[in-house]
Amino acid sequence: METLINEIEPQTTANTLLQGLGNALENEAIYIFREVVAQFEKPVLLFSGGKDSITLVRLAQKAFWPAKIPFPLMHIDTGHNFPETIAFRDKLVKELDVELIVRNVQDSIDQGKVIEETGKYASRNMLQTTTLLDAIEEFKFDACIGGARRDEEKARAKERIFSVRDDFGQWDEKNQRPELFDMLNGTIEIGQNVRVFPISNWTELDVWSYIQKEDIEIPSIYFAHKRNIFLRDGLIWSAEDDVVFRAEDEVIEERWVRFRTVGDMSCTAAVLSKADSIDKVVAEIRDSKISERGARIDDKRSEAAMEKRKQQGYF
């Protein structure tokens, strides 16, 4: 036996360990999905059309197969989403025959509930919190499933898998219930709801490796393509729309880029890349030393920008 073990190639051993870890993460996520349906009356999956929420959809399919996904998908549409993302969202929903609920930030603006930002760094990303909380109240959802991961940002690292929000939709990071092993406590008071994060323990590389293994289709914007862009503050911005503010001295040029994260166009920058396939993207992420949210300008507004948004009811 000792001889056989010693003869195994190190890379083979590493791949086997990674595969085992991947299976454990998938099993954990499926368990969480089933616990959500068992413990809550009206869950919903928050769907953005990004890689993390697409991964959630695949996991939900596996959790309840051969039945259909037993809850709707809901997209809080800022109105400034990348067209590729919206097209993919509609295609996926049609293929899976699942219910899609869309609520628009523009409606919140028209109703005077939020005020649209103006200027160089204007974004609708923060405004979507009001639209989300209104939608939760409208449909009386008691569990909102999201694709947040602990490796993304330090505020997200503080949250539990079942993260309770009060009757104002707010999160109190200093008053979270303990979460021991796989004991997920879904007990909530009237008016409260829970945000659920089935892939909380995954990393960006885990997500991409799963997409690779499962051969999951994702929006083309995640792959390298030629795009008209301009540079600002060391970041690469899309110049193919009228959403992102561009000063007269900010010159448009065509470059090979892709997007590591897909959010509101006004706060999501691209990265230079020639990775035009899943295999190349996985290799690129494995070698990257910068977080995917390094290209999200909304996280750079202050040291605690994400935490403040979460306290107010953000995803």
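See the structure printed just above.
Note that the structure is predicted; figures quoted are calculated from it, not measured.

Chemist: Pulling in residues and values, what's your account of the overall build of the protein?
Modeler: Each helix and strand counted, the protein has nine helices and ten strands in total. The buried share of the protein, reckoned over its 315 residues, is 48%. Pairs at least 24 residues apart make up 72% of the contacts formed inside the protein by residues separated by at least 6 positions. Counting only carbon and sulfur atoms, one obtains 52% of the accessible surface of the protein, whose full area is about 15800 Å².

Chemist: So, the sheet that holds strand 6 (residues 193-196): which residues are in play, and what are the values?
Modeler: Note on sheets: strands pair through backbone hydrogen bonds, and any given pair is parallel or antiparallel. With mixed pairing, the six strands of this open sheet are ordered in space as 3-2-1-4-6-5. Edge positions in the sheet fall to strand 3 (100-104) and strand 5 (162-165), since each has one partner strand and no second. For this sheet, the mean angle separating the axes of adjacent strands, direction not counted, is 30°. Two elements, strand 5 and strand 6, share four bridges in a ladder whose sense is antiparallel. Opposite Arg-165, over in strand 6, you have Asn-193 as the bridge partner. Along the sheet face, helix 3 (residues 51-64) touches strand 1 (43-46), strand 2 (73-77) and strand 4 (143-145) and points at about 140° away from the line of strand 1. Packed on one face of the sheet, helix 4 (residues 83-96) meets strand 2 and strand 3 and runs near 165° to strand 2.

What counts as what
- Residues numbered from 1 in each chain as written.
- Predicted model: local features only at pLDDT ≥ 70, side-chain atom pairs only at ≥ 80, totals over all residues.
- Heavy atoms only, no water.
- Helix = DSSP H or I, 4+ residues; strand = E, 2+ residues; numbered from the N terminus.
- Buried < 20%, exposed > 50% of the residue type's maximum accessible area, 1.4 Å probe, protein only.
- Contact = heavy atoms within 4.5 Å.
- Areas by Shrake-Rupley, 256 points an atom, 1.4 Å probe, with all protein chains shown as cover.
- Pairing = 2+ DSSP bridges.
- Axes fitted to C-alpha atoms, helices over the stretch in contact; angles between N-to-C directions.

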